[in-house]
Amino acid sequence: MSQLLCGLILCIVASNSADALPSCDLERSETSRVVSIVDGDTVVLQDGREVRLVGLQAPKLALGRPNFTDWPLAIEAREVLAALVKNEDVQLSYGGRREDRYGRLLAHLFLADGRWVQGAMIAKGMARVYSFPDNRSCVRDLLRLEEQARGMRRAIWDQSYYAVLPADEPHRLLTHLDSFQLVEGTVKRAALVRGRLYLNFGDDWRKDFTATIAPKHLRQFSDDLEVYRDARIRVRGWIKSYNGPEIVVTHPEQIEFLDGPGRAS
C-alpha cells in the first residue's frame, strides 16, 4: 500500500469532520453488511445487491472496459472506501430514485457509529459531488464538504486531472467532451430564448462556453435574469458541443454562486 494511501486512510479514521449527520431528510431503510468493493463509489452487500453511493462520483477504474484507463487515484479511492465499509454493517437511506438502469441501489450509507459514508469520501477529497434531478437529497451538504476539501487540496483536488476548468477557455473545454467537469467563470449574458435560459460566458455565443436550462427545468430557478448577469458561478455537468462547449443544467445544485449564497433557486 502506498504512503499516500496509508495517509488517506489514517486521515479518515482520525477525522471527525465527516462524522456529522447531513442536514437533509432521508428515509432510513434496512441494514446490511458490505462484503466487497467494486470501486470508489460502488459496493456489494451480503445478499449480492450492488449499491451505487448516490451524490458523488469517485475516480473511475477501468474494470475491464475496452479503451478505458484508470483515472488518477481510482485505486486509492476504492481502498479508502474499503477501509470505511468493508465487512461493516451499513444502514441504507434514500432521498430520491432508489435504483439506476443497471439495477444498482441508489442509497446513502451510514455506519453503525453514525458516520455518513458519502460525507467521509467527499471530505477526504476522494470524490466529486455528482447529482441528478431525481436524486438531489443532501447535495448541498456534500457541496460544502467538497469546497473544504478542494480548498485544502486533498487527494483528487491536488491532481490536475480534476481541476476546475476556466469558462473563458472554450478550446480547452472542447478537449473534455463527454466528460463530467466543473467549469467556473463570469456570466457575460443571460437570455431567455423560446423558454430556454442561456448563460453565456463569452462575447460570442457561437463558440464560447454556455450553460443552458430547458423550459421543463426552468421553474426550479430564478426567473430574474439580473441574478445571473455578471455573476461568478461554478457549473458542474457533462461537457457537450453545441455552438461551442455546453453544459445542460437540470437542477439548481449544478450551479454554485461564488460571490455569495446560491441564488439560482
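What you see is a predicted model, and the numbers here were worked out from it, not measured in a lab. (Residues numbered from 1 in each chain as written. Predicted model: local features only at pLDDT ≥ 70, side-chain atom pairs only at ≥ 80, totals over all residues. Heavy atoms only, no water.)

Colleague: Got a minute to help me understand helix 4 (residues 139–151) in this structure?
Modeller: Each full turn of the α-helix corresponds to 3.6 residues, which orients residues three or four apart in the same direction. In a regular helix each residue adds 1.5 Å, so 13 residues correspond to 18 Å; helix 4 covers 18 Å between its end C-alpha atoms and thus fits that length. Where helix 4 is buried, its residues meet strand 4 (55–57), helix 3 (117–123), strand 7 (128–130), strand 9 (180–186), strand 13 (232–241) and strand 15 (255–257). (Helix = DSSP H or I, 4+ residues; strand = E, 2+ residues; numbered from the N terminus. Expected span 1.5 Å × (residues − 1). Contact = heavy atoms within 4.5 Å.)

Colleague: Explain the packing of aromatic side chains here, please?
Modeller: Aromatic ring pairs: the centre-centre distance and the angle between the two ring planes describe each pair. Scanning all chains against the criterion turns up ten aromatic pairs. Ring centres 6.5 Å apart and planes at 15° place the aromatic pair Phe-110 and Trp-116 in the stacked group. With relative accessibility at 2%, the residue Trp-116 sits in the buried group. Taken together, a centroid distance of 4.7 Å and an interplanar angle of 85° make the contact between Tyr-130 and Phe-180 edge-to-face. With Tyr-130 in strand 7 and Phe-180 in strand 9, this residue pair connects regions lying 50 residues apart in the sequence. In terms of burial, Tyr-130 and Phe-180 fall into one category: buried. Following the ring pairs from residue to residue traces out a cluster consisting of Phe-68, Trp-71, Tyr-161 and Tyr-162. Against the face of Phe-68 rests Arg-65, its NZ or CZ located 4.1 Å from the ring centre. The ring of Tyr-94 has Arg-98 sitting right over it, with the charged end atom 4.1 Å from the ring centre. (Phe/Tyr/Trp six-rings, centres within 6.5 Å; stacked < 30°, edge-to-face > 60°. Buried < 20%, exposed > 50% of the residue type's maximum accessible area, 1.4 Å probe, protein only. Lys NZ or Arg CZ within 6 Å of the ring centre and 35° of its normal.)

Colleague: Is there a simple way to think about unusual backbone geometry in this case?
Modeller: Of note in the backbone geometry, Arg-153 takes a positive phi value of approximately 55° without being a glycine. Mapped onto the fold, Arg-153 is located in the loop between helix 4 and strand 8 (165–166). Not every positive phi belongs to a glycine, and Asp-230 is a case in point at roughly 65°. Residue placement: Asp-230 occurs in the loop between helix 6 (215–218) and strand 13.

Colleague: Would you mind showing me how to read the environment of Arg-236 here?
Modeller: As for its position among the elements, Arg-236 is in strand 13. For the pair formed by Arg-236 and Ser-131, sequence separation is 105 residues and the distance between their alpha carbons is 9.4 Å. Ignoring sequence-local partners within four residues, the contact set of Arg-236 consists of Val-129, Leu-143, Glu-146, Phe-180, Gln-181, Leu-182, Ile-247, Glu-253, Gln-254 and Glu-256. Of note is the side chain of Arg-236, whose polar atom sits 2.7 Å from the side chain of Glu-146. (Polar contact = N/O pair within 3.5 Å; in protein donor to acceptor, adjacent residues only side chain to side chain.)

Colleague: Even after reading the chapter, I still don't get the state of the cysteines, so can you show me in this structure?
Modeller: One way to say it: the disulfide is the covalent bond shared by the sulfur atoms of two cysteines. Overall, the coordinates contain one disulfide when judged by the stated rule. In this model, Cys-24 is linked to Cys-138 through a disulfide, with the two sulfur atoms separated by 1.8 Å. A torsion of 60° about the S-S bond marks the disulfide between Cys-24 and Cys-138 as right-handed. Separated by 114 residues along the polypeptide, Cys-24 in the loop between helix 1 (3–14) and strand 1 (27–39) and Cys-138 in the loop between strand 7 and helix 4 bring together distant segments of the chain. (Disulfide = S-S within 2.5 Å.)

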